[in-house]
Amino acid sequence: MSGPAMKKEPKNKMTDSGVEEFNLDGILSELGSFGKYQLFLLLLLAFRDSFLSMCNFNYVFTAAEVNFRCRISECDGNSTVYNTTWASYALSNVSVCERPSSLGDTSDVCTAKTFSADRMPCEDIIYEDYNSIVAEFNLGCQPWKRTLIGTVHNLGLVFSFVVSGFISDRYGRKVIIVGTPLMVAIAGLLKSFATNYWTLLVLEFLETALGYGNASMVLSLETVSQKSRVAFSCISDILSTLGGAFFGLIAWKIPYWRHMMWAIYAPLLIVVFYIFLVDEGVRWLFAHNRKEEAVRILNKVAKINNITLSNTAKEMLAKITEEKAKANEAGPTQATEASILSALRSKKMILRIALIAACSFCCMFVYNGAIINSTNISGSKYLNYSIMQLVAVPTRVIIAFTLTRFGRKTPICVAYCFCAMFFIASAFVPKSIGWTSVLFYLAGKMCSSYGIFSFSVVAMEVFPTTSRNSLTNVSNTVGRLGSVLAPQTPLLAKYMSGLPSIVFGLVALGPAGLALLLPDTSRCPLPDRVEEAEKIDEVTNDETETRVTSVVTA
């Protein structure tokens, strides 16, 4: 085979032929992606993210809809039992928040003759159970208050993700990894003692505004080399998904909303010990000229994984240590500010922010809406929720294979086309075969899960390290508006039982088309500077031309 057709060394592979320039991907490849150090990090992130996932969707059960009826003193007396023999004819021709007027019959037996055809508003309500805040705060005839909790929760996330992104890029990933779960735990525990609806609503907003963020995924992408970053992030998400699925079991065994909150918020206080257990991301440290600390962590990883670095890698790390004074001249604060400002002055970065914002809106609306409406489809709401979470496990396995082999754009486009088809199909399945509707709904949720995770990976790969979390979360601010609207979708079922699913299907067509405009980052190293991020499209095109030339020459 001629020279041009010979297989070239991968760009991130280290050799002992000397040092030309620093190659972090090469060092990370030598350190391995699934050694003892990385596996321990995966377990720590899984524990943190599992309980954050439960807390993030707490309102699915704490604000769950509860069956209720008017209390009719002539029939109920002092009883508060929901199911009665006489309710079928006493309340059959009135809305749930109305009752027929009494004729004044004072007999002990409630009969059809007891009431007239006239109607009057409910004076009091009897609920089927009192596990939800709907019953405890008497929200039965005010459904907008119930759905407002989810909307306020997601509205707080809009603020949280933007602020956490800037903090993460300015002060490091570790600050968010440790800090946000503690804020969520404190706000959530305070929320469990709320004595009225409006206090709970304020605490619901504060919980999300002060907590959450996506630093775990950013750290996962930045911890390993280019070839392993998708697989590593998928495994991290699988572990946290398995933990998050236990929320259905917890809610089933601890149905009362206050006790349920104690069970899912209190464990997050353990994350305070992550201060000593989790290291800062080395890619972030290098990008902010804290190179000596990054070298120390890389050597620590090599020691824990029992890896002997190549001579080239050792020379690179030694050279970095010797040039510490020169590397620190710019200073971390100036570097971060300059990167963010230069990114916002770049036309390519602005276009990417707009594109990711539009995709995020559709992705988050469909994904969150599908989970929230899962408690309204046939079967146990607890089992449905857990299944909706667990479908992400096989999805992540598929992602790890397809995104690496087929690139980024095509798999995302195909996934959302199938997502639209399955959701719309689930809405028109006859009730006589309701299980088929559930299967279609699950398939649609699976495609949605595939799409939103894949898109999150791409969104982080197109921005530079010094402002990756900030720019990603700024883009996702618009996307969070989709999750703000998602809790209102159950109200659509009052007009047509399958209308929420139809809406999810139509919205899913948005990212299916927009995904084709994304750059393919599957074979590109993570960019550290704005200039490198701008050239992602050029690198992809050059690699494509090289592969074509090699085939022709061969």
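Refer to the structure above for everything that follows.
A quick note: this is a predicted structure, and the numbers were derived from the prediction, not measured.

Draft legend 1. Highlighting the pattern of salt bridges. Tallied over the full model, the rule gives nine salt bridges. Across the pair Glu136 and Arg258 runs a salt bridge whose closest N-O atoms are separated by 2.8 Å. Within this pair, whereas Glu136 is found in helix α6 (residues 133-136), its partner Arg258 is found in helix α13 (residues 257-265), the two being separated by 122 residues in sequence. Judged by its relative accessible area of 31%, Glu136 falls in the partly exposed class. Linking Arg290 and Glu293 is a salt bridge whose minimum nitrogen-to-oxygen distance equals 2.8 Å. Three or more residues joined by partner-sharing salt bridges are found here, namely Lys191, Glu204 and Glu207.

Draft legend 2. Here's a closer look at the nonpolar core. One finds Phe61, Ile149, Leu268 and Tyr416 to be the most contacted residues of the largest nonpolar core, which totals 91 residues. Looking at which element gives the most residues to this core, the answer is helix α20 (residues 347-372), with 13 residues. Each residue touching Leu268, except ones within four places of it in the same chain, is listed here: Arg48, Phe51, Leu52, Cys55, Pro181, Leu182, Val184 and Ala185.

Draft legend 3. Expanded view of empty space enclosed by the protein. In total, this model carries four cavities of 30 Å³ or more according to the counting rule given. Roughly 890 Å³ of internal volume is contained in the largest cavity. Lining the largest cavity are 38 residues, and of these Asn56, Asn214, Asp237, Tyr367 and Arg480 sit closest to its centre. Class assignment of the residues belonging to the lining of the largest cavity gives a composition of 14 nonpolar, 18 polar and six charged. Lining the second largest cavity are 16 residues, with Tyr37, Thr223, Val282, Ile297 and Val301 sitting closest to its centre. At the level of secondary structure, the elements contributing two or more residues to the lining of the second largest cavity comprise α1 (24-31), α2 (36-56), α10 (215-223) and α16 (291-304). Classifying every residue of the lining of the second largest cavity by side-chain character gives nine nonpolar, four polar and three charged.

Draft legend 4. Up close: the packing of helix α7 (residues 143-171) against helix α25 (residues 468-485). In contact at an axis separation of 8 Å, α7 and α25 are set at 175° when each is read in the N-to-C sense. On the basis of the axis angle, α7 is roughly antiparallel to α25. Residue-level inspection shows Thr151, Asn154, Leu155, Leu157, Val158, Phe161, Val162, Ser164, Gly165, Phe166, Ser168 and Asp169 of α7 in contact with α25, the latter providing Arg468, Asn469, Ser470, Leu471, Asn473, Val474, Thr477, Arg480, Leu481, Ser483 and Val484. Here the contact of α7 with α25 is built from residues that sort into ten nonpolar, ten polar and three charged.

Draft legend 5. Structural view of the state of the cysteines. Applying the stated criterion across every chain yields a total of one disulfide. At a sulfur-sulfur separation of 1.3 Å, the disulfide partner of Cys70 is Cys122. Judged by the sign of its S-S torsion, about -55°, the bond between Cys70 and Cys122 is left-handed. Of the two residues, Cys70 sits in strand β1 (residues 68-70) while Cys122 sits in the loop between β3 (115-121) and β4 (125-127), which places them 52 residues apart along the sequence. Judged by relative accessible area, which is 1%, Cys70 ranks as buried. Looking at the unpaired Cys413, the closest cysteine sulfur is the one in Cys417, lying at 4.4 Å.

Draft legend 6. Quick peek at α20. Under the 1.5 Å per step criterion, the end-to-end length of α20 is 37 Å for 26 residues, consistent within 8% with the ideal 38 Å. Extensive coverage of α20 is indicated by the burial of 19 of its 26 residues.

Draft legend 7. Here's a closer look at the packing of aromatic side chains. In the structure shown here, the tally under the stated rule is 18 aromatic pairs. Both rings, one in Phe193 and one in Trp262, keep their centres 5.9 Å apart while their planes meet at 35°; by these two values the pair is tilted. Of the two residues, Phe193 sits in the loop between α8 (173-191) and α9 (197-210) while Trp262 sits in helix α13, which places them 69 residues apart along the sequence. The class for Phe193 is exposed, based on a relative accessible area of 56%. Owing to a relative accessible area of 36%, Trp262 belongs among the partly exposed residues under this scheme. Ring geometry for Tyr197 and Trp198: centres 4.9 Å apart, planes at 80°, overall edge-to-face.

Draft legend 8. Seen up close, the side chain of Lys145. The topology assignment puts Lys145 in helix α7. For the buried Lys145, no salt bridge is present, and the opposite-charge side chain at shortest range is Asp124, 14 Å distant. Those residues in contact with Lys145 that lie beyond four places of it in its chain are Leu139, Tyr197 and Trp198.

Draft legend 9. Region of interest: the packing of α10 against helix α11 (residues 229-244). In contact at an axis separation of 8 Å, α10 and α11 are set at 145° when each is read in the N-to-C sense. Here α10 and α11 pass one another in a crossing that is right-handed. Two secondary-structure elements touch here, α10 through Met217, Ser220, Leu221 and Thr223 and α11 through Arg229, Phe232, Ser233 and Ser236. Here the contact of α10 with α11 is composed, by residue class, of three nonpolar, four polar and one charged.

Draft legend 10. Main features of the environment of Arg146. Its place among the elements puts Arg146 in helix α7. Here Arg146 falls in the buried class, since its relative accessible area comes to 15%. With 84 residues separating them in the primary sequence, Arg146 and Thr62 have C-alpha atoms 9.7 Å apart. When near neighbours in sequence (up to four residues on either side) are disregarded, Arg146 contacts Ala63, Ala64, Glu65, Val134 and Leu139.

Draft legend 11. Just α13, in detail. Taken residue by residue, α13 has Trp257, Arg258, Met260, Met261, Ile264 and Tyr265 as its buried positions. Angularly, the buried residues of α13 cover 160° about the axis, an arc narrow enough to put them on a single face. As for α13, its buried residues are in contact with α2, α3 (59-62), α6, α8, α9 and α12 (246-253).

What counts and how
Residues numbered from 1 in each chain as written. Predicted model: local features only at pLDDT ≥ 70, side-chain atom pairs only at ≥ 80, totals over all residues. Heavy atoms only, no water. Salt bridge = Lys/Arg side-chain N within 4 Å of Asp/Glu carboxyl O. Helix = DSSP H or I, 4+ residues; strand = E, 2+ residues; numbered from the N terminus. Buried < 20%, exposed > 50% of the residue type's maximum accessible area, 1.4 Å probe, protein only. Core = buried A, V, L, I, M, F, W, Y, C linked by side-chain atoms within 4.5 Å. Contact = heavy atoms within 4.5 Å. 1 Å grid on protein atoms, 1.4 Å probe; cavity = no way out; pocket = protein on both sides within 12 Å on 5 of 7 lines; lining within 4 Å. Points joined across faces, edges and corners; volume = space filled by probe spheres on them. Nonpolar A, V, L, I, M, F, W, Y, C, P; charged D, E, K, R; others polar. Axes fitted to C-alpha atoms, helices over the stretch in contact; angles between N-to-C directions. Parallel < 35°, antiparallel > 145°, perpendicular 65-115°, else oblique. Disulfide = S-S within 2.5 Å. Expected span 1.5 Å × (residues − 1). Phe/Tyr/Trp six-rings, centres within 6.5 Å; stacked < 30°, edge-to-face > 60°. Lys, Arg positive; Asp, Glu negative; His and termini not counted. Left-handed = near helix turned anticlockwise from the far one by under 90°. Arc of directions from axis to C-beta.

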